[in-house]
Amino acid sequence: MDLLNAIDIDIDIDIEVFYYLGGMLLALVVFQGMFKLVTWSKKMPKGALVFLAFFPLISIYPIPPQEIKKLKE
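Residues numbered from 1 in each chain as written. Predicted model: local features only at pLDDT ≥ 70, side-chain atom pairs only at ≥ 80, totals over all residues. Heavy atoms only, no water.

Engineer: Mind showing me how you'd approach the overall build of the protein here?
Structural biologist: Across its full length, the protein carries four helices and zero strands. Traced from its N-terminal end to its C-terminal end, the protein shows the element sequence α-α-α-α. Residues classed as buried in the protein amount to 1% of the 73 residues present. (Helix = DSSP H or I, 4+ residues; strand = E, 2+ residues; numbered from the N terminus. Buried < 20%, exposed > 50% of the residue type's maximum accessible area, 1.4 Å probe, protein only.)

Engineer: Please explain the pattern of salt bridges as it appears in this structure.
Structural biologist: A pair can form between side chains of opposite charge whenever their charged atoms are brought close. Following the criterion strictly, the structure yields one salt bridge and no others. Among the ionic pairs, Glu67 bridges to Lys70, the shortest N-O distance being 3.5 Å. One end of the pair is Glu67 and the other is Lys70, both in helix H4 (residues 65-72) and three residues apart, which spans about a single turn. In this structure Glu67 comes out as partly exposed when scored by relative accessible area, which is 35%. (Salt bridge = Lys/Arg side-chain N within 4 Å of Asp/Glu carboxyl O.)

Engineer: Just to check I follow, could you spell out a nonpolar patch on the surface for this structure?
Structural biologist: There is a patch of nonpolar side chains on the surface, built from Ile15, Val17, Phe18, Tyr19, Leu21 and Met24 and spanning about 670 Å² of accessible area. Assignment of secondary structure puts Met24 in helix H2 (residues 15-41). (Patch = residues over 30% accessible without salt bridge, like charges linked within 9 Å, V, L, I, M, F, W, Y side chains within 5 Å. Areas by Shrake-Rupley, 256 points an atom, 1.4 Å probe, with all protein chains shown as cover.)

Structure follows, in structure tokens:
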């Protein structure tokens with residue numbers, strides 16, 4: 001047992017390296033998905049392309065709490 005305790009493996013890779021690699025992998029997947037969405041939408045009519053371009057802007061503005069209360073009543 002002393003032999004196994006004497007072995008010291010020092011791994012100098014921090015957990016931050018995995019965060020950076022994961023972030024880069026996520027960015028690559030998002031970029032690839034957006035590229036596929038653009039190539040797919042170019043085959044569609046122009047109205048659909050405009051809709052896909054401006055639809056994400058809706059998520060910038062949240063629904064006011066007053067409107068949510070009106071819906072619950």
